[in-house]
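Observations on the model geometry
For reference, the chains in residue letters:
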Amino acid sequence: MKHFLTLALVAAIALGSCRKLVVDNNGTNNNGGNNGGGNDNGTTITLEGKITSDTVLHAKNVYILKGLVYIKNNAKITIEAGTVIKGAYLDPIGGLIITRGSKIIAEGTADKPIIFTSNSPSPRSGDWAGVVLLGKALTNASFNGTAGLGEIEGGVNNADGDGLYGGTDDNDNSGIMKYVRIEYAGFAFLPDKEINSLTMGGVGKGTVIDHIETFYAKDDAFEWFGGSVDCKYLIAYKTQDDDFDTDNGFRGKIQFGLIVRDSLIADLSNSESFESDNDANGSALTPQTGAVFSNVTSIGPLATLNNNGSSLYLAGAQIRRNSAISIFNSVFLGWPTGVLIDGSKGRYVELNIADSTLRIRNSVIAGCKTALKYAPNTTTPSGYTSADVNTWFTNPFFGNTILTNVTDAKLVNPFNAASFDPTPFGTSPLSTGAAFTDPKLAGFTQVTFRGAINPGGADANWWKGWTRYDN
């Protein structure tokens, strides 16, 4: 990896000129003149290597990520609202890595979202790597014998340790990502070592993650490895693998999430909207994965009970390997299985149900072929069964509901891509029924509706305008 930043200012061939600028990063880089705004017409600028000083990306330019670009040495990359950053789709595949101690300030607006996308003329899922955000918050990972330090997956780490995450500061600040769209990301550097659209390793609560859409993610849409960052208004559209993947002691709070699947797009490892582990071995290591989600609408692959979709689809939520996440005020619509409690590996996850560290409350399963299921440990079974999962979930005190058909949830048009609309009708059972009395929901925005979208009012339209839902 080169230890400099190359800025290739590419003019159109018709202009008959091209120039290349090498910057050694000893000072602040504003990528062009005119008060840091580039030339009047804008330029195409190629970023590669390691950026070690504060850098500003301007909306009038287009930026190409060539290979993995590392922001390091406590540098800050600031991205103006409306900026387009494209990941190279040919070797070396592009990606952006914010290393521990560095920051990204990517604060778009509803009118001018920041867009990370593919540089391919015919973009498709997995063209480029994605965005990796690494911080210094607590994790249960370990690396080379150092507890609390993890190596992020995806071939990101190098001899300088630029792919390590974790520390001791749950209030760590890795910057701001707001009104950002990440398209066609998720390149597999090695089998089962993919980079996700947005990967967060040890990211702390000082970080702002707000209004982010992933579009056609090749691997996971959002994956959290440890950390404590809170997130709001997340959209995962037509992901291949998992939408919300939580590992290694992630304990953040996430509210308002919209998940939309394609019945023909799934992953060989099986696809879910939620996949949650304490760690890969299901150990009792702490901090324990205990993220809290509220107001999620998960639209699965099955528009009716007669649909099959890809056989690789597994469940709306697979909670396993000693995870203790909690899901409140949410809906799982059209999945082969609504919620799968998976006790097949590691410390029995059903123990977290028994001690109430794992909670699902005031939530709805609608139009799933199997609403609830348990996967036992075949070597040393605990005796827990799917019937026990059903008894737990349907406890009247928890306020959960099982509906036979997807139409019973009464959403406007959740399965038609040409006129997609996940809004509940005013008569929908999702329009009421939310509750925020549980102590785990302290600090959440209190609303009356379940799922991500209100039938009317301020929370009815947040998913529109800055987003994409086309094919």
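Predicted, not measured: the structure shown is a model, and the values here were computed from it.

Details of the overall build of the protein chain
Helix and strand counts for the protein chain stand at two helices and 36 strands. Dimensions of the protein chain, computed from C-alpha atoms along their principal axes, come out at roughly 70 × 50 × 40 Å. Residues classed as buried in the protein chain amount to 59% of the 471 residues present. Relative to all contacts within the protein chain whose residues are 6 or more apart in sequence, the contacts with residues 24 or more apart total 70%. Taken as a whole, the protein chain presents about 17600 Å² of accessible surface, with 50% of it coming from carbon and sulfur. When the 37 basic and 45 acidic side-chain charges of the protein chain are each reduced to a single mean position, those positions are 3 Å apart.

Side note on the side chain of Glu-275
On the secondary structure map, Glu-275 appears in strand E25 (residues 271-276). Of the polar contacts made by the side chain of Glu-275, one reaches the side chain of Arg-320; its length is 3.3 Å. Filtering out sequence-adjacent residues up to four positions away, Glu-275 remains in contact with Asp-242, Phe-244, Asp-245, Thr-246, Gln-318 and Arg-320.

Details of the sheet that holds strand E10 (residues 95-98)
If you walk across this open sheet you meet the 11 strands as E4-E7-E10-E13-E19-E21-E23-E25-E27-E30-E33, and the pairing is parallel. In this open sheet, the two edge strands, each paired with only one partner strand, are strand E4 (50-51) and strand E33 (370-375). Of the strand pairs in this sheet, strand E23 (residues 244-247) and E25 are connected by three bridges, and their pairing is parallel. Looking at E25, one finds that Thr-246 is bridged to Ser-276.

Remarks on helix H2 (residues 386-393)
Among the residues of H2, Val-389, Trp-392 and Phe-393 are the ones counted as buried. Within H2, the buried residues cover an arc of 90° as seen down the axis, which keeps them to one side. Away from its buried face, by an angle of more than 90 degrees, H2 presents the exposed residues Ala-387 and Thr-391. Those residues of H2 that are buried are in contact with strand E30 (337-342), helix H1 (350-354), strand E31 (359-361), strand E32 (364-366), E33 and strand E34 (401-403).

Concerning the side chain of Arg-181
Examined against the element boundaries, Arg-181 turns out to sit in strand E18 (residues 175-183). Among the polar contacts listed, one links the side chain of Arg-181 to the backbone oxygen of Trp-466, at a separation of 3.0 Å. Ignoring anything within four residues of it in the chain, the contact list for Arg-181 reads Pro-113, Ile-114, Ile-115, Phe-116, Glu-213, Trp-466, Thr-467 and Arg-468.

Considerations on the packing of aromatic side chains
Enumeration according to the criterion identifies 28 aromatic pairs in this entry. The interplanar angle of 5° and the centroid separation of 5.1 Å between the aromatic rings of Trp-224 and Phe-250 together place this pair among those described as stacked. Taken together, the positions of Trp-224 in strand E21 (residues 222-225) and Phe-250 in the loop between E23 and strand E24 (253-260) put the pair 26 residues apart, joining distant regions of the chain. Each member of the pair, Trp-224 as well as Phe-250, carries the same accessibility label: buried. With centroids separated by 5.1 Å and ring planes inclined at 70°, the aromatic side chains of Tyr-374 and Tyr-384 adopt a geometry described as edge-to-face. Of this pair, Tyr-374 sits in strand E33 while Tyr-384 sits in the loop between E33 and H2, and the two are 10 residues apart along the sequence. Residue Tyr-384 is classed as buried on the basis of its relative accessible area, which comes to 19%. Through pairs of rings, three or more aromatic residues link up here, namely Tyr-184, Phe-215, Tyr-216, Tyr-237, Phe-420, Trp-463 and Tyr-469.

Observations regarding unusual backbone geometry
With an omega of 0°, the peptide bond between Asp-91 and Pro-92 qualifies as cis. Relative to the helices and strands, Pro-92 is located in the loop between strand E9 (84-87) and E10. Residue Pro-287 is bonded to the preceding Thr-286 through a cis peptide linkage, with omega at 0°. Among the structural elements, Pro-287 can be located in the loop between E25 and strand E26 (292-299). Look at Asn-295: it is not a glycine, yet its phi comes out positive at around 60°.

Focus on the confidence of the model for the protein chain
Summing up the model confidence of the protein chain, the mean pLDDT is 91 and the portion of residues at 70 or higher is 91%. Predicted confidence is poor over residues 1-28, with pLDDT under 50, and the contacts of this stretch with residues over four places away or in other chains come to 55 contacts. A low-confidence stretch, residues 30-39 stays under pLDDT 50, and its non-local contacts, those more than four residues away or across chains, total 24 contacts.

Some remarks on the pattern of salt bridges
A side chain of one charge can pair with a side chain of the opposite charge when the charged atoms of the two come close. Counted under the stated rule, the structure contains 16 salt bridges. Residue Asp-277 is joined to Arg-321 by a salt bridge in which the shortest nitrogen-to-oxygen separation is 3.6 Å. With Asp-277 in the loop between E25 and E26 and Arg-321 in the loop between strand E27 (313-320) and strand E28 (326-328), this pair connects stretches of sequence that are 44 residues apart. Sharing partners across several salt bridges, the network here consists of Lys-50, Lys-72, Asp-160 and Asp-162.

Cut-offs used in this document
- Counting of residues starts from 1 at the beginning of each chain's written sequence and follows it residue by residue.
- In keeping with the model being predicted, local features are shown solely for residues with a pLDDT of at least 70 and side-chain atom pairs are shown and tallied solely at 80 or more, while totals for entire chains, interfaces and linings include all residues.
- Water and hydrogen atoms play no part in the side-chain values, which are based on all heavy atoms of the structure.
- Each helix corresponds to a stretch of at least 4 residues labelled H or I by DSSP, and each strand to a stretch of at least 2 residues labelled E; elements are numbered beginning at the N terminus.
- Buried, partly exposed and exposed residues are distinguished by accessible area as a fraction of the type maximum, computed with a 1.4 Å probe on protein chains only: under 20%, between the cut-offs, and over 50%, respectively.
- Pairs of residues are marked as contacts when any of their non-hydrogen atoms sit within 4.5 Å.
- The method behind every accessible area is Shrake-Rupley, applied with a 1.4 Å probe, and residues are considered shielded solely by the protein chains displayed.
- Only four residue types enter the tally: Lys and Arg on the positive side, Asp and Glu on the negative side; His and the chain ends are excluded.
- Charge positions come from single atoms, namely NZ of Lys, CZ of Arg, CG of Asp or CD of Glu.
- Side-chain atoms alone can form a polar contact between residues adjacent in sequence; in general such a contact is a pair of N or O atoms within 3.5 Å, and within protein one must be able to donate a hydrogen while the other accepts it.
- Pairing between two strands requires that DSSP report at least two bridges joining them.
- Taken from the helix axis, the directions to the C-beta atoms give the arc we talk about.
- Think of it this way: a Phe, Tyr or Trp ring, Trp meaning its six-membered ring, pairs with another when their centres are within 6.5 Å, and the plane angle makes it stacked under 30 degrees, edge-to-face over 60, tilted otherwise.
- One confidence number per residue, pLDDT, is output by the predictor and ranges from 0 to 100.
- By definition here, a salt bridge exists when the distance from a side-chain nitrogen of Lys or Arg to a carboxyl oxygen of Asp or Glu is within 4 Å.

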